[in-house]
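Structural characterization, general
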Amino acid sequence: MALLARLGSLVLLLACWWLASRVTDPRTLPSPEAVAAFVVREAASGDLLRNIGITLWRVVASFCLAMATGAVLGIALGRSRTADRLLDTPLLVLLNTPALIVTVLAYIWLGLTETAAILAVALNKMPNVAVILREGARGLDPGLEEMAQAFRYDRRTWIRHVLLPQLEPFAVAAARSGVSLAWKIVLVVELLGRPNGVGYAISYYFQLFDVAALIGYSLVFSAVMLAVDALLLQPLDAHARRWR
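Residues numbered from 1 in each chain as written. Predicted model: local features only at pLDDT ≥ 70, side-chain atom pairs only at ≥ 80, totals over all residues. Heavy atoms only, no water.

1. Some details on the overall build of the protein
- Looking only at helices and strands, one finds ten helices and zero strands in the protein.
- The linear arrangement of helices and strands in the protein, starting from the amino end, is α-α-α-α-α-α-α-α-α-α.
- Taken along the three principal axes of its C-alpha coordinates, the protein extends 70 × 50 × 30 Å.
- For the protein, buried positions account for 35% of its 244 residues. (Helix = DSSP H or I, 4+ residues; strand = E, 2+ residues; numbered from the N terminus. Buried < 20%, exposed > 50% of the residue type's maximum accessible area, 1.4 Å probe, protein only.)

As structure tokens, then:
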């Protein structure tokens, strides 16, 4: 039933789009078939797959960097009151700094390079991961801590059997929110300073006022990220919450 409901809402959306395109200027709102024709042409030329592949690589690289650094920082803040007091304000400042500012500063300081682009996305995502993992580290079950002490778990065993299972739901939550945030920031980073990728393509077609191209790239890349969420992140989320 859930699948049928989703399909029904998609058909309804396409129908509304088709009807709206019939009563507006096609240059302002192209029809679904016009957008589909652009996607086919762009895919046949190879530009669509190349730009999506490059953007996906940047999303993966920046996402992994943000998750790794954010998780370490979040656990440290959650386990140490001293570290939390010292780093809480800088973390909040970074969390509330606009992504555009971080991106521009990264390009100014490091140049229009791939390293600057990936670092800018990671810095925008990392505070969010740290905040979520900090809450998870603060809420560790004291009973399990006592058990680990009673059985004299070494650090490695404690991390594997006590820490990670309790943090898994928080890590998955950070990952799901992180993917949706990271790919949007990647597009901004590409639009500002990269010569390829979906963001660059959107910037290029914006200058040509090609709305069909803008909608086409947006829909295709959104579909790719929805597939990543459905095929990878949702199963991970179900696995993390299996004990419930």
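Let's pick the thread back up.
2. Observations concerning a nonpolar patch on the surface
- Together, Leu65, Leu100, Ile101, Val104, Leu105, Ile108, Trp109, Leu110, Leu119, Val188, Leu191 and Leu192 make up a nonpolar patch on the protein surface, roughly 1000 Å² of accessible area in all.
- Ranked by residue count, the leading element in the nonpolar patch is helix H5 (residues 99-110), at seven residues.
- With respect to the helices and strands, Leu100 occurs in helix H5.
- Overall, the relative accessible area of 46% leaves Leu100 in the partly exposed class. (Patch = residues over 30% accessible without salt bridge, like charges linked within 9 Å, V, L, I, M, F, W, Y side chains within 5 Å. Areas by Shrake-Rupley, 256 points an atom, 1.4 Å probe, with all protein chains shown as cover. Salt bridge = Lys/Arg side-chain N within 4 Å of Asp/Glu carboxyl O.)

3. Quick word on the environment of Asp237
- On the secondary structure map, Asp237 appears in helix H10 (residues 211-240).
- Given a relative accessible area of 17%, Asp237 falls into the buried group.
- Setting aside anything within four residues of it in sequence, one finds Asp237 in contact with Val172 and Arg176. (Contact = heavy atoms within 4.5 Å.)

4. What to know about the packing of helix H4 (residues 81-96) against helix H6 (residues 114-138)
- Contact geometry for H4 and H6: axes closest at 9 Å, N-to-C directions at 140°. The pairing of H4 with H6 is recorded here as oblique in orientation. Crossing handedness for the pair H4 and H6: left-handed. Residues Asp84, Asp88, Leu91, Leu94 and Leu95 of H4 touch H6, and the partners they reach there are Leu123, Met126, Pro127, Asn128, Ala130, Val131, Arg134 and Arg138.
- Grouping the amino acids of the contact of H4 with H6 by side-chain chemistry returns eight nonpolar, one polar and four charged. (Axes fitted to C-alpha atoms, helices over the stretch in contact; angles between N-to-C directions. Parallel < 35°, antiparallel > 145°, perpendicular 65-115°, else oblique. Left-handed = near helix turned anticlockwise from the far one by under 90°. Nonpolar A, V, L, I, M, F, W, Y, C, P; charged D, E, K, R; others polar.)

5. Brief notes about the packing of aromatic side chains
- A complete count under the given rule lists six aromatic pairs for this structure.
- Aromatic pair Tyr204 and Tyr205: ring centres 5.0 Å apart, planes at 75°, arrangement edge-to-face.
- Classification of Tyr205 as buried rests on a relative accessible area of 12%.
- Ring geometry for Phe206 and Phe209: centres 6.1 Å apart, planes at 50°, overall tilted.
- Exposure remark for Phe209: the relative accessible area of 66% places this residue in the exposed category.
- What links up through ring pairs into an aromatic cluster is the set Phe38, Tyr204, Tyr205 and Tyr217. (Phe/Tyr/Trp six-rings, centres within 6.5 Å; stacked < 30°, edge-to-face > 60°.)

6. Quick look at the UniProt feature "domain: ABC transmembrane type-1" (unreviewed entry) in the protein
- UniProt's entry tags residues 52-232 with the feature "domain: ABC transmembrane type-1" (unreviewed entry), counted in the numbering of this structure.
- Measuring from the first to the last C-alpha atom of residues 52-232 gives 18 Å, for a span that is 89% helix and 0% strand. (UniProt positions renumbered as here; feature names shortened; annotations may be inferred.)

7. Details of the nonpolar core
- Ranked by size, the top nonpolar core spans 39 residues in total, and within it Val189, Tyr217 and Phe221 carry the most contacts.
- Among the elements that make up this core, the one with the highest residue count is helix H8 (residues 155-193) (13 residues).
- Not counting residues within four places of it along the chain, the set of residues in contact with Phe221 comprises Ile52, Thr55, Leu56, Val59, Trp183 and Val198. (Core = buried A, V, L, I, M, F, W, Y, C linked by side-chain atoms within 4.5 Å.)

8. Structural notes on the packing of H5 against H6
- With their axes 9 Å apart at the nearest point, H5 and H6 run at an angle of 145° to one another. Between H5 and H6 the crossing geometry is right-handed. Contacts between H5 and H6 involve Ala99, Val102, Thr103, Ala106, Tyr107 and Leu110 from the first element and Ala116, Ala117, Leu119, Ala120, Leu123 and Asn124 from the second.
- Split into classes, the residues belonging to the contact of H5 with H6 amount to ten nonpolar, two polar and no charged.

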